[in-house]
Amino acid sequence: MPSSSERNIIALLHAASNAQNSPACETLQMRIETVDKFALLVTLKAKPGRENELAEFLKSALPLVEAEPATNTWFAIKIDPSTFGIFDTFATESGRDAHLSGKVAAALMQKAPELLAGAPKIEKVDVLASKPAK
């Protein structure tokens, strides 16, 4: 649901274009309404000597994530030589919660004792602003 300021922008664009159904207005409205507001930021510290295995595990999780309809974006990242992360976004809180109980989370928890130096740090975060991919 667009915020009041987002609705004002849409109304101004409608007025400026003098056409309620202009393609530009419809595209902007669709982007505003589909901006993901919910995200996860996960930090993972690899056990010494297990960095490459953790990196490969994260890469191998991509097909599992692609099968999750509520996970809109997903990034596996390397922060430093032994610290990795996952950042993913969702349109709804229920989508985020579904991901947390999905196959990737289960696989990560199964591999954690073998690959991680400690428990994964899983933070539920809110997206304040984003730039859509081109």
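Just above sits the structure.
Residues numbered from 1 in each chain as written. Predicted model: local features only at pLDDT ≥ 70, side-chain atom pairs only at ≥ 80, totals over all residues. Heavy atoms only, no water.

Novice: Summarise the overall build of the chain; cite the residues concerned and give the values.
Specialist: When helices and strands are tallied, the chain shows 6 helices and 4 strands. Reading the chain from its N end, one meets helices and strands in the order α-α-β-α-α-β-β-α-α-β. The buried share among the 134 residues of the chain stands at 32%. In the chain, of all internal contacts separated by at least 6 residues, the share reaching a separation of at least 24 is 71%. Carbon and sulfur atoms make up 60% of the accessible area of the chain, which totals about 8600 Å². (Helix = DSSP H or I, 4+ residues; strand = E, 2+ residues; numbered from the N terminus. Buried < 20%, exposed > 50% of the residue type's maximum accessible area, 1.4 Å probe, protein only. Contact = heavy atoms within 4.5 Å. Areas by Shrake-Rupley, 256 points an atom, 1.4 Å probe, with all protein chains shown as cover.)

Novice: If you had to explain the nonpolar core to someone new, which residues and values would you point to?
Specialist: By size, the foremost hydrophobic cluster in this structure holds 20 residues, and its most contacted members are Leu44, Leu54, Phe57, Leu58, Phe84, Ile86 and Leu116. When residues of this core are traced back to their parent elements, those giving at least two are β1 (38-45), α3 (51-60), β3 (83-90) and α6 (103-115). Setting aside residues no more than four positions away along its own chain, leucine 54 makes contact with Leu44, Ala46, Phe84, Leu115 and Leu116. (Core = buried A, V, L, I, M, F, W, Y, C linked by side-chain atoms within 4.5 Å.)

Novice: A description of the environment of leucine 128 should follow, citing residues and the corresponding values.
Specialist: Examined against the element boundaries, leucine 128 turns out to sit in the segment after β4 (121-126). The exposed category is assigned to leucine 128, whose relative accessible area is 86%. With 90 residues separating them in the primary sequence, leucine 128 and phenylalanine 38 have C-alpha atoms 9.2 Å apart.

Novice: Tell me about a nonpolar patch on the surface, and name the residues and values.
Specialist: On the surface, Phe75, Ile77 and Ile79 cluster together into a nonpolar patch covering about 270 Å² of accessible area. Mapped onto the elements of the fold, phenylalanine 75 is located in strand β2 (residues 73-80). A relative accessible area of 45% means that phenylalanine 75 is categorised as partly exposed. (Patch = residues over 30% accessible without salt bridge, like charges linked within 9 Å, V, L, I, M, F, W, Y side chains within 5 Å. Salt bridge = Lys/Arg side-chain N within 4 Å of Asp/Glu carboxyl O.)

So yeah, pure geometry; function would need other evidence.
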